[in-house]
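Chains, contacts and geometry: an overview
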Amino acid sequence: GEPGIPGVTVVIEGAGPDGVFGTPDDLPPVTLTTDANGGYSYGAAITGQNYRIVETQPSGLADGQENPTNTIAITNLPASGSGGNDFGERAASLGGSVWL
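A quick note: this is a predicted structure, and the numbers were derived from the prediction, not measured.

**Remarks on the nonpolar core**
Formed by Val10, Ile12, Leu32, Tyr51, Ile53, Ile72, Ile74, Leu77 and Phe87, the largest nonpolar core amounts to 9 residues. Non-local contacts of Leu32, meaning those with residues more than four positions away in its chain, are made with Val8, Thr9, Val10, Ile12, Tyr40, Ser41 and Tyr42.

Structure below.
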């Protein structure tokens, strides 16, 4: 139920046919920006490949409980795709009480 965060950079990294990140056959990284509702989508993913989704931490926000490392690993992408790859953030807050 929280509002999405627009304008956040998300990078899709592909491990290439050998399935290992950091080798010469890696796919070129794809940089996306979240839309007005905080959503992102990459329609050119290849079934069976390993991917990492890396979020750039939004300025002024702290990591939330969901994916606090800002990285999501997807092993052997199924033909049906992979949804629900979400990142959660926390805004700072102040609170207290005033007493008489």
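**Describing the pairing of strand S3 (residues 51-55)**
Of the two faces of S3, the one holding Tyr51, Ile53 and Glu55 is buried and the one holding Arg52 and Val54 is not buried anywhere. Bridging between strand S1 (residues 9-14) and S3 involves 5 bridges; their strand directions are antiparallel. Counterpart to Val11 in the pairing with S3 is Val54. With 4 bridges connecting them, S3 and strand S5 (residues 71-74) associate as antiparallel partners. Directly across from Val54, in S5, lies its bridge partner Thr71.

**Digging into the packing of aromatic side chains**
Describing an aromatic ring pair means giving the distance of the ring centres and the angle of the ring planes. What the rule picks out here adds up to 0 aromatic pairs. One residue, Arg52, lies across the ring of Phe21, its end atom 3.8 Å from the ring centre.

**Topic: the environment of Thr23**
Examined against the element boundaries, Thr23 turns out to sit in the loop between S1 and strand S2 (27-33). Placed 19 residues apart in sequence, Thr23 and Tyr42 show a C-alpha to C-alpha distance of 22 Å. Setting aside residues no more than four positions away along its own chain, Thr23 makes contact with Ala15 and Asp18. From its side chain, Thr23 meets the backbone oxygen of Val20 in a polar contact 3.0 Å long.

**Some words on the side chain of Asn85**
Relative to the helices and strands, Asn85 resides in the loop between S5 and strand S6 (89-91). The class of Asn85 is buried, set by a relative accessible area of 12%. Side-chain polar atoms of Asn85 contact the backbone oxygen of Ser82, separated by 2.9 Å. If we skip the residues at most four places from it in the chain, Asn85 touches Tyr40, Ile53, Ile72 and Ile74.

**Digging into the pairing of S1**
Direction of pairing for S1 relative to S2: antiparallel, over a ladder of 5 bridges. The partner of Gly14 across the bridge, within S2, is Leu27.

**Topic: the sheet that holds S3**
Sheet architecture is open: 4 strands sit in the order S2-S1-S3-S5, paired in antiparallel fashion. Each edge of the sheet is formed by a strand with only one pairing partner; in this case those strands are S2 and S5. Going from strand to strand, the sheet's axes swing by 15° on average, the running direction of each strand aside.

**Some remarks on the environment of Thr71**
With respect to the element layout, Thr71 can be found in strand S5. Measuring from C-alpha to C-alpha, the distance between Thr71 and Ser82 comes to 15 Å, with 11 residues separating the pair along the chain. Among residues more than four places away in sequence, those in contact with Thr71 are Arg52, Ile53, Val54 and Phe87.

What counts as what
Residues numbered from 1 in each chain as written. Predicted model: local features only at pLDDT ≥ 70, side-chain atom pairs only at ≥ 80, totals over all residues. Heavy atoms only, no water. Core = buried A, V, L, I, M, F, W, Y, C linked by side-chain atoms within 4.5 Å. Buried < 20%, exposed > 50% of the residue type's maximum accessible area, 1.4 Å probe, protein only. Contact = heavy atoms within 4.5 Å. Helix = DSSP H or I, 4+ residues; strand = E, 2+ residues; numbered from the N terminus. Pairing = 2+ DSSP bridges. Phe/Tyr/Trp six-rings, centres within 6.5 Å; stacked < 30°, edge-to-face > 60°. Lys NZ or Arg CZ within 6 Å of the ring centre and 35° of its normal. Polar contact = N/O pair within 3.5 Å; in protein donor to acceptor, adjacent residues only side chain to side chain. Axes fitted to C-alpha atoms, helices over the stretch in contact; angles between N-to-C directions.

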